[in-house]
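If you want the building blocks of each chain, they are given just below.
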Amino acid sequence: MYPNDGFRELGRQECLRLLAKVPVGRIVYTRRALPAVLPVNFGLDGDGAVLLRTSAASELVRAIDGAVVAFEADEVDAVRHSGWSVVVTGSATVVTDPAEHERLARTGPVSWVPAPQEVFVRIEPELVTGRELVGGRTLYGVDLSA
């Protein structure tokens, strides 16, 4: 990234603050040795972990439990040529501790597609990165807002 390319790198705390503002993101994982991307609703835990709530029988749970995944969320204003994108990379695990599951049942995200048996998936925020597009400027100083 160049200092004048129109993007601004975001710090970890700013990334987590922005993630908390949006209800939907995308989980990136491996399915049959190929990259897969799935939109999901989510929540953040107090330590910045991304939380998903989904069916215990879902293909997603089988594919990501114990795997390193990426999670991306963003907000874009196409008219103003501005917005941000945040990526959290880390290990995904199904929450198996009964007390933790009970706590998340009260405070965690609510699935948009409820299932009879739901589990929580926790993505540890090992790497948190983000960028903000500011004002439609380019590397060459051209103003794109005109």
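Residues numbered from 1 in each chain as written. Predicted model: local features only at pLDDT ≥ 70, side-chain atom pairs only at ≥ 80, totals over all residues. Heavy atoms only, no water.

The protein has the name DNA-binding protein in an unreviewed UniProt entry, where Streptomyces aurantiogriseus is given as its organism.

**A look at helix H1 (residues 12-19)**
For H1, the full list of buried residues reads Cys-15, Leu-16, Leu-18 and Leu-19. With its buried residues spanning 160° around the axis, H1 presents them on a single face. Next to the buried residues of H1 lie strand S1 (7-10), strand S4 (43-44), strand S6 (68-77), strand S7 (82-94) and strand S9 (127-133). (Buried < 20%, exposed > 50% of the residue type's maximum accessible area, 1.4 Å probe, protein only. Helix = DSSP H or I, 4+ residues; strand = E, 2+ residues; numbered from the N terminus. Arc of directions from axis to C-beta. Contact = heavy atoms within 4.5 Å.)

**Remarks on the layout of surface pockets**
The calculated volume of the largest pocket comes to roughly 270 Å³. The wall of the largest pocket is formed by 14 residues, among which Val-40, Arg-53, Thr-54, Ser-111 and Val-113 lie closest to the centre. Of all elements in the fold, only strand S3 (34-41) and strand S5 (50-55) reach the threshold of two or more residues within the lining of the largest pocket. Of the residues belonging to the lining of the largest pocket, the class tally is 8 nonpolar, 5 polar and 1 charged. (1 Å grid on protein atoms, 1.4 Å probe; cavity = no way out; pocket = protein on both sides within 12 Å on 5 of 7 lines; lining within 4 Å. Points joined across faces, edges and corners; volume = space filled by probe spheres on them. Nonpolar A, V, L, I, M, F, W, Y, C, P; charged D, E, K, R; others polar.)

**A closer look at the nonpolar core**
If you look at soluble globular proteins, the nonpolar side chains tend to sit buried side by side. Core analysis: the biggest nonpolar cluster contains 28 residues, and Leu-19, Ile-27, Phe-42, Leu-52, Ile-64, Phe-71 and Ile-123 have the highest contact counts within it. Listed by contribution, the elements that provide at least two residues to this core are H1, strand S2 (24-31), S3, S5, helix H2 (59-64), S6, S7 and strand S8 (118-123). Among all residues touching Phe-71, those that are not within four sequence positions of it are Leu-19, Gly-25, Arg-26, Ile-27, Val-40, Phe-42, Val-50, Leu-52, Val-86, Val-87, Val-88 and Ile-123. (Core = buried A, V, L, I, M, F, W, Y, C linked by side-chain atoms within 4.5 Å.)

**With respect to the side chain of Arg-53**
Mapped onto the elements, Arg-53 comes out in strand S5. A polar contact is formed between the side chain of Arg-53 and the backbone oxygen of Pro-109, at a distance of 3.3 Å. In terms of polar contacts, Arg-53 uses its side chain to reach the side chain of Glu-118, at 2.9 Å. Among all residues touching Arg-53, those that are not within four sequence positions of it are Ala-105, Pro-109, Val-110, Ser-111, Glu-118, Val-119 and Phe-120. (Polar contact = N/O pair within 3.5 Å; in protein donor to acceptor, adjacent residues only side chain to side chain.)

**Quick look at the packing of aromatic side chains**
Applying the stated criterion across every chain, the model contains 1 aromatic pair. When the ring centre of Phe-7 is taken as origin, the NZ or CZ atom of Arg-131, which lies over that ring, is 3.6 Å away. (Phe/Tyr/Trp six-rings, centres within 6.5 Å; stacked < 30°, edge-to-face > 60°. Lys NZ or Arg CZ within 6 Å of the ring centre and 35° of its normal.)

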